[in-house]
Structures are given as C-alpha cells and as structure tokens.
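Next come the chains, spelled out residue by residue.
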Amino acid sequence: MLYTVDPDHLASVCPDEPPYRARQLREWLYRHPVLETQQMTNLPGSLRDRLELWPFELEADQSADGGRTRKWLFRTGDGAAIEAVLMGYPDRTTLCISSQAGCAMACTFCATGQFGFERHLEAGEITAQVAFAKAFLDEYGMPNSPHRLTNVVFMGMGEPLANYTHVRESLHRMIDLMGMSARAITVSTVGFVPGMRRLADEPWKVNLAVSLHAADDELRSSLVPLNERYSLAEVIEASRHYFKVKGRRISIEWTLIDGTNDSVDQARKLAEIAHDLRAHVNVIALNPTPLSADLPPSADRVAVFMDELRYEGVNATLRDTRGQDIDAACGQLRVHSEGTPIRIDRAVLEAR
Ligand code: SF4
C-alpha cells in the first residue's frame, strides 16, 4: 500500500532495486498518479505485479448530475469507511475528501456525526483520495468540466483539525509533492480552535471554511456540541486571527434547517459576524439524514434568508445540494452501502 509509506522511505518497498526506483515510484504516486501499478511503465514488471497501490478498496462508485458528480466509498483493510465526492463545474473540478472515518463531533444534523467516530485517517489514506481522483480524471475526465483536479476541500467525513498531524502531512504531500496550490485547498472546521490557531502557523495559505450553522451560543450548542468547549466568540476570534495572519478570506458555512436556524433574526446576526470577519457566506439547505427529523426549509424560506443576508450587504452564495440523488450529503453514502468490495480497476469505473 504505497500511499501509506513515507514518501522519503519508498526505497524500503523495493530494497533490491537501484536507488532511482524510489524516485520513479515517488513520481508516479505524487506527480502522475495512476489507477493501477501496471501503468507505471518504467518499472520492471515483477515490481509492478508485487506492489499494492491503494490503502483501500472501492466499495461503491456512484455518479449523478449527468456524470458531473461522482461519489466513492472506499473501505480500508481494517473495515474503516472513507468517502470522497468529485464534483465537476464549467471552471473547476473539486474533490471533497474525508479526514476521519466517522466523526466524534456529533453535530445533530449530520449523518456522519450520528454514526460516531471510527478512527483518524492516516496521511496516506487522505492523500490517496486525492491521488485517486487525479488518476481517475486523467483516465476518464468529467463532462463539461476541466479534466484535471483543480480544488480539494476537506468537507467529507470528520473534523480535519481534530486529526491535525495526519491532515498536516497530507497538506504537505498535496502542496509540496503533488504541486497543488495551497489556494486551491480548503480546510473546513466546525470550530476546533486549537487546530485553527496551529493552521495559522503553517507555511501554507490554505483556505479556511468555518462551519457556524448558528449565530448565538445557545442555538449553536444545540446543533454543534463542540460549541460547549469553544464558544462562538472564541471561534470568531480564531477566524479573525487566521485572516489576519494569512490574508485569506474566511468562508462561513451554514446548513439551513427548517424552523431552526433559518430565521431572519439568525440571518441578521450572521450578517454581523460576516461583516466583522469580512467573510463570504456559503449557505446550503440540509440534506435530510436517517436518524434525525430535521428537514430543509421550503424554497420560499431559503429565499427570505438569502434576501436578508444580501440586504445586509453580505457576500453570500446559495450552494446547490450536489448529487442529492446519490446521498452526497456529508456521511450519507455509508449509511446505504452494502455488498462486496470491488477491486479498484478500470473495469469498475468503465462499468458506469
Ligand atoms: S458536520 Fe462535520 S464536524 Fe459535524 S459531525 Fe458531521 S463530519 Fe463531524
């Protein structure tokens, strides 16, 4: 499982080979990712046969939106579920990746949170999701979208900043080894303040997305239990610090839940926070989850909320719930997945 090997110690997987083999392997893994070791054409056949590329198997592969949304559920050898979603747009191709199997944050409206925490993902397991998407796009492209990966967002399963060491190492591999721009990567957090402050000290200017979902402590604590540990004021202060240090505009994420955080009063309070941080606000209507009665607001209520934000002069975008027909909301694919793992090969992907 080459992606779980330290990139500086790849010689350890081919001790009988000349030293340049490790360099060649590193190129294939990080500069020109491929779906199968057989595509590593400058390696000897015996080595290609022996090496195992991915640290997981592809358990489910779903596509929607005319092939512009692709959702993958990977399964590791120890049974952990990892999901990633690739979304194509006319000007970009964005991969949403997971940083943990499950999540301990227990946000009430989130399918992942409802199913609890399995374990942290290793840096190699995080990076491998990106490499897989790159290799996939290289082979198959995506309709009406760039045929290369342009953006990565840590918005799949898990709170990335609670798995700091591995997420940091994966950022290093994406930026320094794969050559991705830090500006093309967004780390999202539900307000893990120590991690926000550590990220501000890193050398990379990655984007920070802060999932607020509520604009006062009482409501926020009822939706995001972590708010009991790090209050809204602390999260805002850490966001301000990040903006000041990095000069990168913060984005605020807001999942709209019917009758809960979709009031004009919440919109006004959110507007105050957004102005204070000079942040962009991304609003998305809730994708209902099986273990919660929460629903998305009606289209009219969503429109009123957005109108209020814009009336207050907030830079706000209503995001579409991409791939709703394939359960593309955070953590939902695993809820429905069943069956036998499929080995990652072209046959699986071409069968779509
Ligand atoms: S919303 Fe994010 S932080 Fe909250 S439980 Fe879900 S995955 Fe975890």
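Worth saying up front: this structure is predicted, and the values here are computed from it rather than measured.

Rules used throughout
Every chain is numbered independently, its residues counted from 1 as its sequence is written. Owing to the predicted nature of the model, reporting of local features is limited to residues with pLDDT of at least 70; listing and counting of side-chain atom pairs is limited to 80 or more, with chain, interface and lining totals taken over all residues. Working from all heavy atoms in the structure, the side-chain values ignore hydrogens and water. Starting at the N terminus, helices and strands are each numbered in turn, a helix being any DSSP run of H or I of at least four residues and a strand any DSSP run of E of at least two. In this setup the radius of gyration rests on C-alpha atoms only. A globule is expected at 2.2 Å times the number of residues raised to 0.38. Only protein chains enter the accessibility calculation, which uses a 1.4 Å probe. A residue is then buried if its area is under 20% of the maximum for its type, exposed if over 50%, and partly exposed in between. Any pair of residues with heavy atoms lying within 4.5 Å of one another is described as a contacting pair. Every accessible area reported is derived by Shrake-Rupley at a probe size of 1.4 Å, with residue values counting cover from the shown protein chains alone. An automatic or database domain assignment provides the domain bounds reported here. Once two parts are brought into contact, the accessible area they lose, counted with a 1.4 Å probe and summed over both, makes up the buried area. In the sections that follow, a salt bridge refers to a side-chain nitrogen of Lys or Arg positioned within 4 Å of a carboxyl oxygen of Asp or Glu. Each polar contact in these results corresponds to two N or O atoms within 3.5 Å; when the atoms are within protein, one needs to be able to donate a hydrogen and the other to accept it, and residues that are neighboring in sequence are counted only if both atoms are side-chain atoms. For this scheme, ten residues count as nonpolar: Ala, Val, Leu, Ile, Met, Phe, Trp, Tyr, Cys and Pro. Four count as charged, namely Asp, Glu, Lys and Arg, and the remainder, Gly too, count as polar. Expected helix span is taken as 1.5 Å per residue step, with the number of steps being one fewer than the number of residues. Here a Phe, Tyr or Trp ring, Trp counted by its six-membered ring, pairs with any other such ring whose centre lies within 6.5 Å, and the pair is stacked when the planes are under 30 degrees apart, edge-to-face when over 60, and tilted otherwise. Whether a charge sits over a ring depends on NZ of Lys or CZ of Arg being within 6 Å of the ring centre and within 35 degrees of the ring normal.

Visitor: Hey, could you run me through the overall build of the protein in this one?
Guide: A count of helices and strands for the protein gives 12 helices and 12 strands. What you see for the protein is a C-alpha radius of gyration of 20 Å, in line with the 20 Å of a compact globule of 352 residues. Projected onto its principal axes, the C-alpha coordinates of the protein cover approximately 65 × 40 × 35 Å. Residue burial in the protein is summarised as follows: out of 352 residues, 57% are buried. Across the protein, the fraction of contacts at a sequence separation of at least 24, relative to all contacts at a separation of at least 6, is 69%. Looking at the protein as shown, the accessible area adds up to about 14,600 Å², and 48% of this sits on carbon and sulfur atoms.

Visitor: Is there a simple way to explain the domain arrangement of the protein in this structure?
Guide: The figure often quoted for interface size is the accessible area lost as the parts come together. With domains assigned, the protein is organised as domain 1 (1-53) and domain 2 (57-350). Computed from C-alpha atoms alone, the centre-to-centre distance between domain 1 and domain 2 is 31 Å. Taken together, the contact between domain 1 and domain 2 spans 14 residues of the former and 22 residues of the latter. In this assembly, domain 1 packs against domain 2 so that about 1,400 Å² is buried in total across both faces, 63% of it on carbon and sulfur atoms. Considering only the side of domain 1, the residues that lose the most area to domain 2 are Tyr 3, Tyr 30 and Leu 35, jointly responsible for 46% of the buried surface there. For the pair domain 1 and domain 2, the number of links is 0 salt bridges. Our count for the contact surface shared by domain 1 and domain 2 stands at 4 residue pairs in polar contact (both at pLDDT 80 or more). Residue composition of the side of domain 1 that touches domain 2, grouped by class: 8 nonpolar, 2 polar and 4 charged.

Visitor: Please clarify how the side chain of Asn 227 should be interpreted in this entry.
Guide: In this fold, Asn 227 is placed in the loop between helix H7 (217-223) and helix H8 (232-246). Separated by 3.0 Å, the side chains of Asn 227 and Asp 217 make a polar contact.

Visitor: Sorry if this is basic, but what is going on with helix H1 (residues 20-31) here?
Guide: Each α-helix winds once per 3.6 residues, and so residues spaced three or four apart point in a common direction. If you check H1, its first and last C-alpha atoms are 16 Å apart, about what 12 residues at 1.5 Å a residue would give, namely 16 Å. Every buried residue of H1 is accounted for by Arg 21, Ala 22, Gln 24, Leu 25, Trp 28, Leu 29 and Tyr 30.

Visitor: Please clarify how the packing of aromatic side chains should be interpreted in this entry.
Guide: Between two aromatic rings, the relevant description is the distance of the centres plus the angle of the planes. Applying the stated rule across the entire model yields 12 aromatic pairs. With 6.3 Å between their ring centres and 40° between their planes, Trp 72 and Phe 74 make a pair best called tilted. Residue Trp 72 is classed as buried on the basis of its relative accessible area of 0%. A residue is classified by how much of its surface remains accessible, and Phe 74, at 0% relative accessible area, is buried. Among the aromatic residues, those joined into a cluster by ring pairs are Tyr 3, Tyr 30, Trp 54, Phe 56, Trp 72, Phe 74, Phe 132, Phe 136 and Tyr 140. In this structure, Arg 92 is placed above the aromatic ring of Tyr 89, and the distance from its NZ or CZ to the ring centre is 4.0 Å.

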